[in-house]
Amino acid sequence: MWWDERVSARFRRNLQPTLTYWSVFFSFGLCIAFLGPTLLDLRCQTQSSLSQITWVFFSQQFCLLLGSCLGGVFKRTLSQSLFALFASSLAISLVFAIIPLCHNVVVLAVVMAVAGLAMGCIDTISNMQLVKIYQKDSAIFLQALHFFVGFGALVSPLIADPFLSDTNCILSNSTANASSNLPHIRKSLVPHHPGNLSHYDLPMKGMVVTRVSYAFWIMALINLPVPIAVFFLLYKERMVPCFTSSSHPLLPADELAMEARPMEKDDLSISVQRPPAAGGHDDLFSCCQSKNFRGASYTYFAVHITGALVLFMTDGIVGEYSGFIYSYAVEEPLSVVHKVAGYLPSLFWGFITLGRLISIPISYRMKPATMVFINVVGVLLTFLLLLIFSRSVVFLFVGTASLGLFLSSTFPSMLAYTEDILQYKGCATTVLVTGAGIGEMVLQLLVGSIIHDQGSYSFLVCGMIFGGLAFTFYAFLLFFHRMYPKPSPETGDASPDKPAVTEDTGQYQR
């Protein structure tokens, strides 16, 4: 096997919770990309204008950010975390089932806001729990976790595609004129940003003939095994009230074997528990309490801030690139035909998924700091080449694939690296997830307004600037890492290479 026996043994001990967290992130991925291709049918279903349907995007993104901030509230005990994941994954299935019944845009926005809250909780809790379980070995498992986001983001548009309307989905006297524009409009509806379509007028009165409801019901059924998997984990841990007994759950065979043999030094470090008050990974509001700042050095805050700023830029690039690459391609000087340009967002997400899959074995052999360095340098060089060869359609496709590969592993690598620096204390996971969510929302709005005022070429210029800022913030993070106080010998194994002991490490704790 390409990982050593110690990591393999830890994975086997935590097989069910690890697979459960991975599956929950598949639910997260399903919700990311379905709005773009189905937006026209949803607009017909709700008989709303484009300016009105835009609020559906905003409500999802804003509540995703809010859910990321609130997700840490449920981390205090394992039961709270699992019940929150069960409720969130079940809510996503219910959202998919309810969307076809939403014939008012306000109701649809409220439903998507619920989905956003569920996605935010899943994002924060799953990352936190994997870091707690695996600590210094968490990089490889975080890479796999984020692979499932990309996989879900690929699956949902593929499910929706056969059910999308080929002609106007509202029959009226002007249908014949509108239907000829529909293929172009369809390809313009890429994820995250419908605002550049305001000049397309479709009939809003008539009989709705969309079949997209079947796609949402299929996605609801596909997602249904995820909350079931979380429920089985709750049942295994004796946390379901109806099935709770006074007896403790039996230890798996490999855990019994571990208890029967002398503990190795690494196992000893994960068996001792620290008082809960000293644990990190709080929710955002708990992190901001003054009691957490007492005695902390300036580098403690600097590591949190610079790590979050790197992800603010890189996740912002993911959002703005997937949202505007089509608009850039169809404009001068490239003037790519609409059907061909429609493949660019799919290519981008496809290579993000492929990159996350490739990063799983690579992350075991390569340090997280090195992977982040390669990522940010690769993003910067790709945008530079895209600017140099801005008139080449071929290189636009090559650059899109390259950018997806370099951006794919940035978040899990940065999360693992920052947690290593802070010795698994502080609020790194919460701060980084929040920073990434804010970046994706803010940079989309910023780039949209700049493109509107300055033209499509500014799209690549903005990407180059954001990539340069990400590299700059990463350089500051390296500097603060060197300045961060090294643990004294009395602190035991708390170091970037030997993690501090927290309440949920190594073995699955309650």
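Within an unreviewed UniProt entry, the label attached to the protein reads Major facilitator superfamily domain-containing protein 4A, and the organism entered is Podargus strigoides. Looking at the protein in UniProt, the text filed under Sequence similarities (unreviewed entry) is "Belongs to the major facilitator superfamily." The UniProt entry for the protein carries this comment under Subcellular location (unreviewed entry): "Membrane".

Undergrad: Provide a residue-level description of the overall build of the protein, including the pertinent values.
TA: If you tally the helices and strands in the protein, you get 22 helices and two strands. Per-residue burial over the protein gives 58% buried out of 510 residues. Total accessible area on the protein is roughly 21,000 Å²; 68% of this is exposed by carbon and sulfur atoms.

Undergrad: Any chance you could break down the packing of helix H1 (residues 5–13) against helix H2 (residues 15–33) for me, citing the residues and the numbers?
TA: Packed helices, taken two at a time, are described by their axes: the angle between them and the distance between them. At a minimum axis distance of 5 Å, the contact between H1 and H2 shows a crossing angle of 80°. Classified by the angle their axes make, H1 and H2 are roughly perpendicular. Two secondary-structure elements touch here, H1 through Phe11, Arg12 and Arg13 and H2 through Leu15, Thr18 and Trp22. A breakdown of the residues in the contact of H1 with H2 according to their chemical character gives three nonpolar, one polar and two charged.

Undergrad: Explain the side chain of serine 213 to me, using residue names and the numbers behind them.
TA: Along the chain, serine 213 falls in helix H10 (residues 213–223). Residue serine 213 is classed as buried on the basis of its relative accessible area of 15%. Contact partners of serine 213, with chain neighbours within four places excluded, come to Gln45 and Pro100.

Undergrad: Tell me about the packing of aromatic side chains, residues and numbers included.
TA: Two measures describe an aromatic ring pair: the distance that separates the ring centres and the angle between the ring planes. Taken as a whole and judged by the stated rule, the model has 22 aromatic pairs. Ring geometry for phenylalanine 348 versus tryptophan 349: centroids 6.4 Å apart, planes at 70°, classification edge-to-face. Tryptophan 349 gets classed as buried once you look at its relative accessible area, which sits at 8%. For the pair phenylalanine 373 and phenylalanine 471, a centre-to-centre distance of 6.4 Å together with 50° between the ring planes defines the contact as tilted. Of this pair, phenylalanine 373 sits in helix H18 (residues 368–388) while phenylalanine 471 sits in helix H22 (residues 458–483), placing them 98 residues apart in sequence.

Undergrad: Give a detailed account of the packing of helix H15 (residues 298–330) against helix H17 (residues 343–365), specifying residues and quantitative values.
TA: Packing of H15 against H17 brings their axes to within 8 Å, and their N-to-C directions diverge by 150°. One element, H15, and the other, H17, form an angle in the roughly antiparallel class. Across from Val318, Tyr321, Ser322, Ile325 and Ala329 in H15, the residues of H17 making contact are Leu344, Pro345, Phe348, Trp349 and Ile352. Here the residues of the contact of H15 with H17 sort into nine nonpolar, one polar and no charged.

Undergrad: Go over the environment of threonine 434, please, and point to the residues and values.
TA: When you line up the elements, threonine 434 lands in helix H21 (residues 428–454). Overall, the relative accessible area of 7% leaves threonine 434 in the buried class. Along the sequence, threonine 434 and cysteine 69 sit 365 residues apart, while their C-alpha atoms lie 6.2 Å from each other.

Undergrad: A description of a nonpolar patch on the surface should follow, citing residues and the corresponding values.
TA: A cluster of nonpolar side chains, namely Trp55, Phe58, Phe62, Leu66, Leu70, Val73, Phe74 and Leu117, defines an oily patch on the protein surface of about 670 Å² accessible area. No other element matches the five residues that helix H4 (residues 50–71) contributes to the nonpolar patch. Tracing the backbone through its elements, the reader meets phenylalanine 58 in helix H4.

Undergrad: Explain unusual backbone geometry residue by residue, including any values.
TA: One non-glycine residue, serine 335, lies in the positive phi region at around 50°. Its place among the elements puts serine 335 in the loop between H15 and helix H16 (338–341). Residue classification places serine 335 among the partly exposed positions, given a relative accessible area of 36%.

Undergrad: Before we move on, can you summarise H21 with the specific residues and values?
TA: End to end, H21 covers 37 Å across 27 residues, agreeing with the expected 39 Å (1.5 Å per residue, within 8%). Just downstream of H21 lies glycine 455, where phi reads positive at about 100°.

Undergrad: So what's going on with the environment of isoleucine 352? Which residues, and what values?
TA: In this structure, isoleucine 352 sits in helix H17. Residue isoleucine 352 is classed as buried on the basis of its relative accessible area of 1%. Residues isoleucine 352 and alanine 401 lie 49 residues apart in sequence; the distance between their C-alpha atoms is 8.1 Å.

Undergrad: Lay out the confidence of the model for the protein with the relevant residues and their values.
TA: Mean pLDDT over the protein works out to 75, with 72% of the residues at or above the 70 mark. Across residues 489–510 the pLDDT falls below 50, and counting only partners more than four positions away or on other chains, this stretch makes 71 contacts in the model.

Undergrad: An account of H22 is needed here, citing residue identities and associated values.
TA: An ideal rise of 1.5 Å per residue puts 38 Å on 26 residues; H22 measures up with 37 Å between its terminal C-alpha atoms. Buried within H22 are the following residues: Ser458, Phe459, Leu460, Cys462, Gly463, Phe466, Gly467, Ala470, Phe473, Tyr474, Leu477 and Phe480. Buried residues in H22 make contact with H15, H18, helix H20 (410–421) and H21.

Undergrad: Hey, could you go over the side chain of serine 59 for me, with residue numbers and the actual values?
TA: Looking at where serine 59 falls in the secondary structure, it is placed in helix H4. Judged by its relative accessible area of 12%, serine 59 falls in the buried class. Polar side-chain contacts of serine 59 include one of 2.9 Å to the backbone oxygen of valine 56. Excluding residues that lie within four positions of it along the chain, serine 59 makes contacts with Ala109, Met112 and Ala113.

Cut-offs applied
- The numbers attached to residues start from 1 for each chain and follow its sequence in the written order.
- At least 70 in pLDDT is required for a residue's local features to be given in this predicted model, at least 80 for side-chain atom pairs to be given and counted, and no such filter applies to totals for whole chains, interfaces and linings, which use all residues.
- Computation of side-chain values covers all heavy atoms of the structure but excludes hydrogens and water.
- UniProt positions are given in the numbering used here, feature names are shortened, and annotations may be inferred rather than shown by experiment.
- Strands here are runs of E lasting at least two residues and helices are runs of H or I lasting at least four, both read from the DSSP assignment and numbered beginning at the N terminus.
- Exposed residues in this analysis have more than 50% of their type's maximum accessible area, buried residues have under 20%, and partly exposed residues fall in between, with area computed by a 1.4 Å probe over protein chains only.
- The Shrake-Rupley method, run with a 1.4 Å probe sphere, supplies the accessible areas, and residue values consider only the shown protein chains as cover.
- Axis angles are defined between N-to-C directions and span 0 to 180 degrees, where every axis is a line fitted to C-alpha atoms and, for a helix, only to the segment in contact.
- The scheme is simple: roughly parallel for angles under 35 degrees, roughly antiparallel for over 145, roughly perpendicular for 65 to 115, oblique for anything else.
- Any pair of residues with heavy atoms lying within 4.5 Å of one another is described as a contacting pair.
- When residues are grouped by polarity, Ala, Val, Leu, Ile, Met, Phe, Trp, Tyr, Cys and Pro land in nonpolar, Asp, Glu, Lys and Arg in charged, and all others, Gly among them, in polar.
- Side-chain rings of Phe, Tyr and Trp (the six-membered ring for Trp) are treated as a pair once their centres are within 6.5 Å; stacked means planes under 30 degrees apart, edge-to-face means over 60, and tilted covers the remaining angles.
- Residues enter a patch when their relative accessible area is above 30% and they make no salt bridge; the linking distance is 9 Å between like charges and 5 Å between nonpolar side chains (Val, Leu, Ile, Met, Phe, Trp, Tyr).
- Take a side-chain nitrogen of Lys or Arg and a carboxyl oxygen of Asp or Glu: if they are within 4 Å of each other, that pair is a salt bridge.
- Expected span, for any helix, means 1.5 Å times one less than how many residues it has.
- Residue-level confidence of the predictor is what pLDDT reports, using numbers from 0 through 100.
- Pairs of N or O atoms within 3.5 Å make up the polar contacts considered here, provided that, within protein, one atom can donate a hydrogen while the other can accept it, and that residues adjacent in sequence are counted only when both atoms are side-chain atoms.

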